[in-house]
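Listed below, chain by chain, are the residues.
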Amino acid sequence: FSDIGSGGNRIAVGDEFLKKIGALKGETIFLTVGKGLPQPFRIVSVFHLGVKGFDEARIFAALTDVQKLNQTPSRISDIAIRLIDVNLAADVASTYNILGQEKVQSWDQSNEGIMSVFTTQDIVRNSMTVSILIVAGFGIYNILSLAVTHKRREIAILRSMGFEPFDITKLFLIQGVILGLIGGVVGLALGLGVSYGMSKIEISANRGLGGNHMMVSFETLIYVKAFFLALASSSFASFFPARS
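Residues numbered from 1 in each chain as written. Predicted model: local features only at pLDDT ≥ 70, side-chain atom pairs only at ≥ 80, totals over all residues. Heavy atoms only, no water.

Undergrad: Provide a residue-level description of the overall build of the protein, including the pertinent values.
TA: Within the protein one finds nine helices and four strands. The order of α-helices and β-strands along the protein, N terminus first, is β-α-β-β-α-β-α-α-α-α-α-α-α. Computed over the C-alpha atoms, the radius of gyration of the protein is 31 Å, more than 25% above the 18 Å expected from 2.2 N^0.38 for a compact globule of 244 residues. When the backbone C-alpha atoms are referred to their principal axes, the protein occupies close to 100 × 50 × 25 Å. Within the protein, the fraction of its 244 residues that count as buried is 23%. Put simply, 57% of the contacts in the protein that link residues at least 6 apart link residues at least 24 apart. Of the accessible surface of the protein, which amounts to about 17,600 Å², a share of 64% is contributed by carbon and sulfur atoms. Positive and negative side-chain charges in the protein, numbering 22 and 19 respectively, have mean positions lying 5 Å apart. (Helix = DSSP H or I, 4+ residues; strand = E, 2+ residues; numbered from the N terminus. Rg over C-alpha atoms; globule rule 2.2 N^0.38 Å. Buried < 20%, exposed > 50% of the residue type's maximum accessible area, 1.4 Å probe, protein only. Contact = heavy atoms within 4.5 Å. Areas by Shrake-Rupley, 256 points an atom, 1.4 Å probe, with all protein chains shown as cover. Lys, Arg positive; Asp, Glu negative; His and termini not counted. Charge placed at Lys NZ, Arg CZ, Asp CG, Glu CD.)

Written out as structure tokens, the structure reads:
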């Protein structure tokens, strides 16, 4: 936008658009909107957003130049407002709708169809996570149940030596927690490695040419939550065999 300035028929175009028309940065192209004579514009900047619809069909220019090209002086079709916190967009849009007659939509309201897909993905992903934790919990439960069965003679000896039931219970609980700790650490290492490998997978059509890669979040909180969920699952699963 700083390259475009406030006027002078300078434009910023997407890289896919340049490929489509066979032009280069610094060249001048003629633009028309179907009324009036075509006007020359110089390409001063090239952008890549990774969204094909934008990169091959969007051109940015100074407001005065666009109004002159479109023969609509002093007229604005859209106003975009950028917020620091994107989650407040819906509240701000609702406030502006009350203040005036213009149609105001937040980014999530205008993309409601796409957002519903993300919501569905979240539900499926969380369901899979819960299912995995349940399966892992049953695995730990089975392991400790077999341990209790095989250690009945040792448990009897410990009881005869003066161990209280709480002490025996604590032994098996500690064993379950240790299983959870080891599994959590190994799981974090494997998860980080697999996530890093997935982040290198190209998903764009232009493979091998530095296209878009699969988006993977490496946020620390995700790994912390996963570790404590695994630990809580193993601790809960070890309670019942320990109690028996």
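Undergrad: Go over the environment of asparagine 126, please, and point to the residues and values.
TA: Within the element layout of this structure, asparagine 126 appears in helix α6 (residues 112-150). Residue classification places asparagine 126 among the partly exposed residues on the basis of a relative accessible area of 46%. Note: C-alpha distance between asparagine 126 and alanine 80 (46 residues apart in sequence) is 34 Å.

Undergrad: So, the packing of α6 against helix α8 (residues 165-199): which residues are in play, and what are the values?
TA: Closest axis-to-axis distance for the α6/α8 pair is 11 Å, and the angle between their directions is 145 degrees. Helix-helix and strand crossings are classified by hand; for α6 and α8 the assignment is right-handed. Contacts between α6 and α8 pair Ile140, Ile143, Leu144, Ala147 and Val148 from the former with Phe172, Gln175, Gly176 and Leu179 from the latter. Split by residue class, the contact of α6 with α8 holds seven nonpolar, two polar and no charged. (Axes fitted to C-alpha atoms, helices over the stretch in contact; angles between N-to-C directions. Left-handed = near helix turned anticlockwise from the far one by under 90°. Nonpolar A, V, L, I, M, F, W, Y, C, P; charged D, E, K, R; others polar.)

Undergrad: Talk me through the pairing of strand β2 (residues 28-31); I want residue IDs and the actual numbers.
TA: Going residue by residue along β2, you find Ile29 and Leu31 tucked away on one face and Thr28 and Phe30 left uncovered on the opposite face. Here β2 runs beside strand β3 (residues 39-47); their pairing, made up of four bridges, is antiparallel. The residue bridging threonine 28 from the neighbouring strand is arginine 42, located in β3. (Pairing = 2+ DSSP bridges.)

Undergrad: Give a detailed account of the packing of aromatic side chains, specifying residues and quantitative values.
TA: By the definition in use, this model includes three aromatic pairs. A ring pair is formed by phenylalanine 1 and phenylalanine 60, whose centres lie 5.5 Å apart and whose planes are at 80 degrees; its orientation type is edge-to-face. One end of the pair, phenylalanine 1, is in the segment before β1 (10-14); the other, phenylalanine 60, is in strand β4 (residues 59-61), and 59 residues separate them in sequence. You can call phenylalanine 60 partly exposed: its relative accessible area is 26%. (Phe/Tyr/Trp six-rings, centres within 6.5 Å; stacked < 30°, edge-to-face > 60°.)

Undergrad: Kindly report on the packing of α6 against helix α9 (residues 220-243), identifying the contributing residues and their values.
TA: Where α6 contacts α9, the two axes come as close as 8 Å, and the packing angle between them is 35 degrees. The way α6 lies across α9 gives a crossing that is right-handed. Only Leu229, Ala230, Ser233, Ser234, Ala237, Ser238, Phe240 and Pro241 of α9 make contact with α6, whose side of the interface consists of Leu133, Gly137, Ile140, Tyr141, Leu144, Ser145 and Val148. Partitioned by chemical class, the residues of the contact of α6 with α9 number 10 nonpolar, five polar and no charged.

Undergrad: Which residues make up the nonpolar core, and what are the values?
TA: Side chains of nonpolar character tend, in soluble globular proteins, to be buried together. With 10 residues, the main nonpolar core is built from Ile11, Val13, Phe17, Leu18, Ala23, Ile29, Leu31, Phe41, Ile43 and Leu69. When contributions to this core are tallied by element, the ones reaching two or more residues are β1, α1 (15-21), β2 and β3. Ignoring any residue separated from it by four or fewer positions in sequence, one finds phenylalanine 17 in contact with Ile29, Asp55, Glu56 and Ile59. Core analysis: the next-biggest nonpolar cluster, separate from the first, contains six residues, Ala147, Ile155, Phe172 and Ala242 among them. (Core = buried A, V, L, I, M, F, W, Y, C linked by side-chain atoms within 4.5 Å.)

Undergrad: Describe helix α3 (residues 63-70), with residues and values.
TA: Along α3, the positions that sit buried rather than exposed are Asp65, Gln67 and Leu69. At the exit of α3 stands glutamine 71, carrying a positive phi of roughly 55 degrees.

Undergrad: Any chance you could break down a nonpolar patch on the surface for me, citing the residues and the numbers?
TA: A cluster of nonpolar side chains, namely Val130, Ile134, Phe138, Tyr141, Phe236, Phe239 and Phe240, defines an oily patch on the protein surface of about 710 Å² accessible area. Counting only elements with at least two residues in the nonpolar patch, the list comes to α6 and α9. With four residues, α6 is the largest single contributor of residues to the nonpolar patch. Note that tyrosine 141 resides in helix α6. In this structure tyrosine 141 comes out as partly exposed when scored by relative accessible area, which is 34%. (Patch = residues over 30% accessible without salt bridge, like charges linked within 9 Å, V, L, I, M, F, W, Y side chains within 5 Å. Salt bridge = Lys/Arg side-chain N within 4 Å of Asp/Glu carboxyl O.)

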